[in-house]
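Fold and contact review
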Amino acid sequence: MISALTEDAVSHATTSHKNIEVRKASMQDIPNLLALINGYAAKGIMLPRTEFELSENMRDFTVAYDGNRLAGCGALHFYSPAIGEVRSLAVAETHKTHGIGRLIVEALVYEAKMYGLDAVFAFTYVPGFFGKVGFNEVERGELPLKAWKDCLRCPKFHSCDEIAVLRVLRPQRWEQRQPGLPVLGVEGGMVVILPTVRH
Ligand SMILES: CC(C)(COP(=O)(O)OP(=O)(O)OC[C@H]1O[C@@H](n2cnc3c(N)ncnc32)[C@H](O)[C@@H]1OP(=O)(O)O)[C@@H](O)C(=O)NCCC(=O)NCCS
């Protein structure tokens, strides 16, 4: 039900922190999102985002609020009919380790399932966290080429130490795309290989 993806479809989730409200983001959240994401970007932990980029991709975003304070955010970005990326995931320093990151990832995974994706991936410095929320490490170079477009403007492009992680949502459909059918599509004349899950 797409209505479940709209801003007014608010879910109140209780974490060990407090009563946290998880909902789709709106344009009014942009100042808070810029402060949270770019605060981590200044420390080299996340990619910086501009107001323009956030506006352009606002429908990707889910936010978690503790009262009127932004406690966390995350985005689901589509790359193909089969796969999307969990990105711009951040929990405020004041709210870390109380289950809010997990709540946001689960909301994004729910959304990915609603849209019929077979899998979601992320590039991350915190594979331990993603392991706890159902992701497995994969070979970074095997993710969709489009996913690399953010890398082109990243200062760490030539010395990237992020780890790629993948969560399969529809194992049967995913398996059908595995070794026998390794080619996902052709992007600008380049073949895109499906990720292989490391067990
Ligand atoms: C990574 C981040 C989103 C985790 O959010 P969080 O709300 O603190 O995580 P949660 O409390 O939901 O943790 C869920 C589980 O992951 C574990 N976990 C949390 N952070 C972890 C970390 N850095 N390394 C390993 N495990 C971690 C928790 O212990 C918990 O495990 P449990 O279920 O066994 O108790 C948060 O630390 C953050 O915003 N970091 C800075 C920005 C960042 O690195 N974003 C990721 C970009 S891809």
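All values reported here derive from a predicted model rather than from experimental measurement. (Residues numbered from 1 in each chain as written. Predicted model: local features only at pLDDT ≥ 70, side-chain atom pairs only at ≥ 80, totals over all residues.)

Digging into the overall build of the protein
Helix and strand content of the protein: five helices and ten strands. For the protein, the share of sequence-separated contacts (at least 6 apart) that also reach a separation of at least 24 residues comes to 65%. (Helix = DSSP H or I, 4+ residues; strand = E, 2+ residues; numbered from the N terminus. Contact = placed C-beta atoms within 7 Å.)

Topic: unusual backbone geometry
Although it is not a glycine, Ser-88 sits at a positive phi angle of roughly 50°. If you trace the backbone, Ser-88 turns up in strand β5 (residues 83-91). Using a count of 24 C-beta atoms within 10 Å as the deciding quantity, one classes Ser-88 as buried. Here Thr-97, not a glycine, exhibits a phi torsion of approximately 60°, which is positive. Its place among the elements puts Thr-97 in the loop between β5 and α3 (100-114). The class for Thr-97 is exposed, based on 11 C-beta atoms found within 10 Å. (Buried ≥ 20, exposed ≤ 12 C-beta atoms within 10 Å, placed from the backbone.)

Re the site of the ligand
Around the ligand, 20 residues are found, and the nearest of them are Lys-96, Gly-101, Arg-102, Gly-128 and Lys-132. Of all the secondary structure elements, the ones that give two or more residues to the shell around the ligand are β5, α3, β6 (119-124) and α4 (127-132). For the shell around the ligand, the class distribution of residues is eleven nonpolar, six polar and three charged. (Near = placed C-beta within 6 Å. Nonpolar A, V, L, I, M, F, W, Y, C, P; charged D, E, K, R; others polar.)

A word on the nonpolar core
In terms of nonpolar packing, the biggest core is built from 42 residues, with Leu-33, Ala-64, Cys-73, Ile-104, Leu-108, Val-120 and Phe-121 touching the most fellow members. Going through the elements one at a time, β2 (19-24), α1 (30-41), β3 (61-66), β4 (69-78), β5, α3, β6 and β8 (163-168) are the ones with two or more residues in this core. In terms of residue count, α3 provides more of this core than any other element does, eight residues in total. Residues in contact with Ile-104, not counting those within four places in the same chain, are Val-22, Thr-62, Ala-64, Gly-72, Cys-73, Gly-74 and Leu-89. (Core = buried A, V, L, I, M, F, W, Y, C linked by C-beta atoms within 7 Å.)

Regarding α3
For α3, with 15 residues, the first-to-last C-alpha span of 21 Å sits near the 21 Å given by 1.5 Å per residue. Buried residues of α3: Ile-100, Gly-101, Leu-103, Ile-104, Val-105, Ala-107, Leu-108, Val-109, Glu-111 and Ala-112, and no others. Phi for Gly-116, located one or two positions after α3, is positive at around 85°. (Expected span 1.5 Å × (residues − 1).)

Things to note about the confidence of the model for the protein
Summarising the model, the protein shows a mean pLDDT of 83, and 71% of its residues fall at 70 or more. Scored below 50 in pLDDT, residues 180-194 makes 25 contacts in the model with residues more than four places away or belonging to other chains. (pLDDT = per-residue confidence, 0-100.)

Brief notes about the pairing of β8
Strand direction decides the pairing type here: β6 and β8, joined by six bridges, are antiparallel. When the bridges of β8 are listed, Phe-123 appears paired with Ala-164. (Pairing = 2+ DSSP bridges.)

Quick look at α1
Taking 1.5 Å as the rise per residue, α1 with twelve residues should run 16 Å; its terminal C-alpha atoms sit 16 Å apart, in good agreement. Among the residues making up α1, those that are buried are Leu-33, Leu-36 and Ile-37. On an axial view of α1, the arc spanned by its buried residues comes to 85°, and they lie on one face. Of the exposed residues in α1, the ones pointing more than 90 degrees away from its buried face are Pro-31 and Ala-35. In this structure, the buried residues of α1 make contact with α2 (51-56), β3, β4 and β5. (Arc of directions from axis to C-beta.)

Thoughts on the pairing of β5
For a regular strand, side-chain orientation follows a simple rule: the groups alternate between the two sheet faces. Counting buried positions along β5 yields nine of nine residues, so the element is predominantly enclosed. Relative to β5, β4 runs antiparallel, the two being bridged by six bridges. Each bridged residue has a counterpart across the sheet, and for Leu-76 the counterpart in β5 is Val-86. Turn length for the β4-β5 hairpin, with the two strands adjacent in sequence and antiparallel, is four residues. Of the strand pairs in this sheet, β5 and β6 are connected by three bridges, and their pairing is parallel.

Some remarks on the environment of Tyr-65
Mapped onto the elements of the fold, Tyr-65 is located in strand β3. Classification of Tyr-65 as partly exposed rests on a count of 18 C-beta atoms within 10 Å. Between the alpha carbons of Tyr-65 and Val-22 there is a distance of 6.5 Å; along the sequence they are 43 residues apart.

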